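# A structural walkthrough
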Amino acid sequence: MSYFLFVDDSGHDHRDSPYEVLAGVCIHDRSLWNFVCDLQSAEIEFFGRRVSRESGELKGRRLLKRKTFRLASQRPPIDPPDRTRLALGCLQRGDSDESGTKQGAVTRAELTALAQAKISFVERVLKLCSQYGCKALASIVDRDAPRPHGDFLRKDYAYLFERFFYFLDDQADRPLGLVVFDELERSQCHVLIDQMARYFRETAKGRARSAQVIPEPFFVHSELTTAIQVADILAYLLVWGARIGGMDRPARQELSDLANLACRLRHRSYREGHQIWSFSYIEDLRPREEKREADTP
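Figured I'd write up the structure that's included with this text. Along each chain, the written sequence defines residue order, and numbers are assigned to residues from 1. Selection of residues for local features in this predicted model requires a pLDDT of at least 70, selection of side-chain atom pairs for listing and counting requires 80 or more, and totals for whole chains, interfaces and linings are taken over all residues. Excluded from the side-chain calculation are hydrogens and water; included are all heavy atoms of the structure.

When its secondary structure is counted, the chain shows twelve helices and eight strands. Summarising its shape, the C-alpha atoms of the chain cover approximately 65 × 50 × 40 Å along the three principal directions. When burial is assessed residue by residue, the chain has 52% of its 297 residues classed as buried. Surface exposure of the chain reaches about 15,000 Å², of which carbon and sulfur atoms provide 48%. When charges are counted, neither His nor the chain ends are considered; positive counts come from Lys and Arg and negative counts from Asp and Glu. Lysine's charge is taken at NZ, arginine's at CZ, aspartate's at CG and glutamate's at CD. Considering the chain, the positive charge centre built from 45 side chains and the negative charge centre built from 44 side chains are found 4 Å apart. To qualify as a helix, a DSSP run of H or I must reach at least 4 residues; to qualify as a strand, a run of E must reach at least 2; elements of each kind are numbered from the N terminus. Exposed residues in this analysis have more than 50% of their type's maximum accessible area, buried residues have under 20%, and partly exposed residues fall in between, with area computed by a 1.4 Å probe over protein chains only. Note on areas: Shrake-Rupley, 1.4 Å probe, and residue coverage restricted to the protein chains presented here.

This is the structure:
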């Protein structure tokens with residue numbers, strides 16, 4: 001028995017994101033394939049085809065940008081069969097033929113239908129996560145949080161692995177956990193692998209947690225891995241829509257309903273009488289020693 005933790009991030013480009021989020025979707029190995037099949041069926045139900053295969057991966061910023069909500073509100077909700085037909089027409093008109101020519105002008109109705117389909121699809125994704133018992137884990141970092149200087153596993157990663165361990169430890173059969181990341185540039189992958197190895201080998205907490213969390217991660221292409229795309233949607237919602245204790249930057253109100261669904265996927269653990277949620281907000285990424293040195297006159 002084992003659980004997979006599929007991890008992606010959002011806001012790390014330091015453009016206009018209020019937070020950096022490292023988010024993971026945790027699912028039992030026995031449920032993974034059925035979950036993936038239902039997600040792929042949902043693509044066809046809402047868009048008329050597999051968007052992730054033909055038009056690029058289903059990323060949060062593509063599905064849930066402000067323009068999507070503006071277009072979706074152009075007219076009342078469209079009946080699902082008509083919405084799918086129009087959304088597919090919009091996608092097909094965006095396709096190019098062999099000469100590179102687009103397939104005609106997109107209509108207002110098609111744009112509206114596609115936007116409404118995107119929002120409804122994300123809602124279905126989150127409900128499928130709940131249906132399959134998925135748990136959401138996240139480390140949320142303020143964009144202005146002080147950064148560490150040393151070559152060690154960053155606090156947001158360590159907190160994510162801690163929450164993953166707590167979830168695994170809470171299960172009656174004490175399953176193993178495997179971590180799957182969206183592939184980074186190769187040198188970055190090596191850096192993360194080395195930092196994880198040192199954390200799980202050389203720190204007391206890391207050694208204890210390696211009993212259930214496999215220390216070496218897997219790296220996959222997000223456009224080929226459905227569950228990584230779910231983690232990307234979760235990360236985007238947490239950056240722009242969800243607000244937990246300590247997060248005081250403005251949120252996009254149109255995302256509130258979806259963000260609430262995402263927050264319902266959190267896991268709650270108890271350690272030494274304290275309640276610990278699987279979302280952690282981090283104001284300072286520096287270790288205690290580095291903070292003390294910086295604060296010393």
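Here the narrative resumes, following the displayed structure.
What follows deals with the packing of helix α6 (residues 108-131) against helix α11 (residues 256-263). The geometry of α6 relative to α11 is characterised by a closest axis approach of 10 Å and an angle of 15 degrees between their N-to-C directions. What the angle tells us is that α6 and α11 run roughly parallel. Pair α6 / α11 crosses with left-handed handedness. Touching I119, V122, E123 and L126 of α6 are L258, L261 and A262, all from α11. In this description, a line fitted to the C-alpha atoms serves as the axis of each element, helices being fitted only across the stretch in contact, and the angle between N-to-C directions of two axes falls anywhere from 0 to 180 degrees. Small angles under 35 degrees read as roughly parallel and large ones over 145 as roughly antiparallel, with 65 to 115 read as roughly perpendicular and the rest as oblique. Working rule for handedness: look at the near helix, and if it is turned counterclockwise from the far one by less than a right angle, call the crossing left-handed; if clockwise, right-handed. Should any heavy atoms of two residues lie within 4.5 Å, those residues are counted as being in contact.

Here we come to the sheet that holds strand β8 (residues 279-282). Pairing between strands requires that DSSP locate at least two bridges from one strand to the other. Read from one edge of the open sheet, six strands run β5-β4-β1-β2-β3-β8, paired in mixed fashion. Edge strands, defined here as strands with exactly one partner in the open sheet, are β5 (218-220) and β8. Across the sheet, the axes of successive neighbouring strands diverge by a mean angle of 20 degrees, strand direction being ignored. As paired strands, strand β4 (residues 176-182) and β5 are joined by three bridges and run parallel to one another. Residue pairing across strands places D182 opposite V220, the latter belonging to β5. Seen against the sheet, helix α7 (residues 155-170) touches β1 (2-10), β2 (19-28), β3 (135-142), β4 and β8 and runs at an angle of roughly 160 degrees to β3.

Here we come to the pattern of salt bridges. Salt bridge, as applied in this entry: a Lys or Arg side-chain nitrogen positioned within 4 Å of an Asp or Glu carboxyl oxygen. Going through the model one piece at a time under the given rule, you end up with 19 salt bridges. Between R154 and D156 there is a salt bridge, and its shortest N-O distance comes to 2.8 Å. Owing to a relative accessible area of 1%, D156 belongs among the buried residues under this scheme. R209 is the partner of E162 in a salt bridge, and the nearest nitrogen-oxygen pair spans 3.1 Å. With a gap of 47 residues between them, E162 in helix α7 and R209 in helix α9 (residues 204-209) connect regions that are remote in the sequence. Here R209 falls in the buried class, since its relative accessible area comes to 8%. What you see here is one network of salt bridges that share partners, running through E20, R147, R154 and D156.

Turning our eyes to something else, we now look at helix α8 (residues 186-202). For α8, spanning 17 residues, the distance from its first C-alpha to its last is 24 Å, which sits close to the expected 24 Å at 1.5 Å a residue. By the burial criterion, the buried members of α8 are C189, L192, Q195, M196, Y199 and F200. Buried residues in α8, looked at end-on, bunch into an arc of 135 degrees, giving them a common side. When the buried face of α8 is taken as reference, the exposed residues oriented beyond 90 degrees from it are R186, R201 and E202. A helix is expected to reach a length of 1.5 Å times the quantity of its residues less one. An arc is given here, and it is the one of the directions from the helix axis to the C-beta atoms.

Further remarks concern the environment of V106. For V106, the position within the fold is in the loop between α5 (80-94) and α6. Between the C-alpha atoms of V106 and R93, which are 13 residues apart in sequence, the distance is 6.3 Å. V106 has contacts with C90, R93 and L111, leaving out every residue within four places of it along the chain.

Okay, the packing of α6 against helix α10 (residues 226-240) next. Helix packing for two helices is described by the angle between their axes and how far apart those axes are. Running from N to C, α6 and α10 cross one another at 110 degrees; their axes reach a closest spacing of 11 Å. Relative to α10, the element α6 lies roughly perpendicular. Where α6 approaches α10, its residues V122, V125, L126 and C129 are matched on the opposing element by V230, I233 and L237. Under this grouping Gly is polar, as are all residues other than the nonpolar Ala, Val, Leu, Ile, Met, Phe, Trp, Tyr, Cys and Pro and the charged Asp, Glu, Lys and Arg. Taken together, the residues that form the contact of α6 with α10 break down as seven nonpolar, no polar and no charged.

Going residue by residue along β8, you find F279 and Y281 tucked away on one face and S280 and I282 tucked away on the opposite face as well. By the bridge criterion, four bridges tie β3 to β8 in an arrangement that is parallel. Paired with I140 across the two strands is Y281, which belongs to β8.

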